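# Structural description and commentary
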Amino acid sequence: GDTHSLAVKSDGTVWAWGYNSNGQLGNGNNTSTNAPVPVPGLSNVVAVACGDVHSLAVKSDGTVWAWGANDAGALGTGNNTSTNTPVPVPGLSNVVAVASGDVHSLAVKSDGTVWAWGRNSNGQLGNGNNTSTNRPVQVSGLNSIVGLAGGAGHSLALKSDGTVWAWG
């Protein structure tokens, strides 16, 4: 993240530390800490990602959980309400990885499709327009994706054939 960090332990728990002005540490308050603290309510986590002031986690069951600032819908919950505890991202299943840009989020499903949500002022959601959305939308024309990355106003995907695709 911009000023916070996340880690997944081998037992599937998530730990967070750093700046917490928007609840991006997910521990139920907005107090910053320079020592790792557990993110309550999450277990069996296999991957995490940090945005500017929001966070994402993927559980082993393929669900995505989000917390922190919800500017432009970066949490993908269907509203723009921020939260300092993890909440599920509705409508996403079979997710294997997540990534985050500044105020947008990305997920790749087990079928290799990519889904995006949040700020879209530069086309970083890859859905053919510049309208932000607070619900996941499929990135047009991508399949066989095995890796993702997000920047401030752009996104990247790695295909299984080794090619890299960029938009935003």
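The model shown is predicted, which means the values in this text are computed figures rather than measured ones.

## Comments concerning the sheet that holds strand 4 (residues 45-50)
A sheet is described by the order of its strands in space; here four strands give the open sequence 4-5-6-7, paired in antiparallel fashion. In this open sheet, the two edge strands, each paired with only one partner strand, are strand 4 and strand 7 (83-88). Neighbour-to-neighbour, the strand axes of the sheet open up by a mean angle of 15 degrees, direction not taken into account. Relative to strand 6 (residues 64-68), strand 5 (residues 54-59) is paired through five bridges, and the arrangement is antiparallel. By the bridge assignment for strand 6, serine 55 is matched with tryptophan 67.

## So, a nonpolar patch on the surface
Side chains of Val146, Leu158 and Val164 sit close together on the surface and give an oily, nonpolar patch of about 260 Å² of accessible area. Looking at where leucine 158 falls in the secondary structure, it is placed in strand 13 (residues 155-159). Taking the relative accessible area as the measure of exposure, leucine 158 reaches 34% and is therefore partly exposed.

## Overview of the pairing of strand 5
With six of its six residues buried, strand 5 lies for the most part within the structure. In strand 5, alternate side chains face the same way, and those of His54, Leu56 and Val58 on one face and Ser55, Ala57 and Lys59 on the other are all buried. Connecting the antiparallel pair strand 4 and strand 5 is a turn made up of three residues. In textbook terms, the turn of a hairpin is the stretch between consecutive antiparallel strands, and for strand 5 and strand 6 this stretch comprises four residues, one of which, glycine 62, has a positive phi near 85 degrees.

## Focus: the packing of aromatic side chains
Evaluated as defined, the whole model comprises zero aromatic pairs. The ring of tryptophan 115 is capped by lysine 109, whose NZ or CZ atom sits 4.5 Å from the centre of that ring.

## Looking at unusual backbone geometry
Even without a glycine there, the phi angle at asparagine 44 is positive, about 55 degrees. Along the chain, asparagine 44 turns up in the loop between strand 3 (33-38) and strand 4. Residue alanine 72 is not a glycine yet carries a positive backbone phi of 60 degrees.

## Looking at the sheet that holds strand 3
Strand order in the open sheet formed by three strands is 1-2-3, and the pairing between neighbours is antiparallel. Each having just a single partner strand, strand 1 (4-8) and strand 3 make up the two edges of the open sheet. Within this sheet the neighbouring strands show an average axis-to-axis angle of 15 degrees, counted without direction. In this structure, strand 2 (residues 14-18) lies alongside strand 3, joined through three bridges in antiparallel fashion.

## A look at the nonpolar core
If you look at soluble globular proteins, the nonpolar side chains tend to sit buried side by side. Within the largest apolar cluster, 14 residues are counted, with the highest numbers of intra-cluster contacts made by Val64, Leu92, Val95 and Val98. Those elements giving two or more residues to this core turn out to be strand 4, strand 5, strand 6, strand 8 (95-100) and strand 10 (114-118). Filtering out sequence-adjacent residues up to four positions away, valine 95 remains in contact with Val58, Gly62, Val64, Ala107, Val108 and Lys109. Ala99, Leu125, Val139 and Leu148 belong to the second largest nonpolar core, which has twelve residues in total.

## Structural notes on the environment of serine 82
Looking at where serine 82 falls in the secondary structure, it is placed in the loop between strand 6 and strand 7. With 59 residues separating them in the primary sequence, serine 82 and glycine 23 have C-alpha atoms 8.0 Å apart. If we skip the residues at most four places from it in the chain, serine 82 touches Gly68, Ala69, Asn70 and Leu75. At a separation of 2.9 Å, a polar atom in the side chain of serine 82 contacts the main-chain amide nitrogen of asparagine 70.

## What about the pairing of strand 1?
As paired elements, strand 1 and strand 2 share five bridges and run antiparallel to each other. Paired with serine 5 across the strands is tryptophan 17, a residue of strand 2. Between strand 1 and strand 2, which pair antiparallel and follow one another directly, the connecting turn spans five residues, one of which, glycine 12, has a positive phi of 85 degrees.

The rules behind each value
Residues numbered from 1 in each chain as written. Predicted model: local features only at pLDDT ≥ 70, side-chain atom pairs only at ≥ 80, totals over all residues. Heavy atoms only, no water. Pairing = 2+ DSSP bridges. Helix = DSSP H or I, 4+ residues; strand = E, 2+ residues; numbered from the N terminus. Axes fitted to C-alpha atoms, helices over the stretch in contact; angles between N-to-C directions. Patch = residues over 30% accessible without salt bridge, like charges linked within 9 Å, V, L, I, M, F, W, Y side chains within 5 Å. Areas by Shrake-Rupley, 256 points an atom, 1.4 Å probe, with all protein chains shown as cover. Salt bridge = Lys/Arg side-chain N within 4 Å of Asp/Glu carboxyl O. Buried < 20%, exposed > 50% of the residue type's maximum accessible area, 1.4 Å probe, protein only. Phe/Tyr/Trp six-rings, centres within 6.5 Å; stacked < 30°, edge-to-face > 60°. Lys NZ or Arg CZ within 6 Å of the ring centre and 35° of its normal. Core = buried A, V, L, I, M, F, W, Y, C linked by side-chain atoms within 4.5 Å. Contact = heavy atoms within 4.5 Å. Polar contact = N/O pair within 3.5 Å; in protein donor to acceptor, adjacent residues only side chain to side chain.

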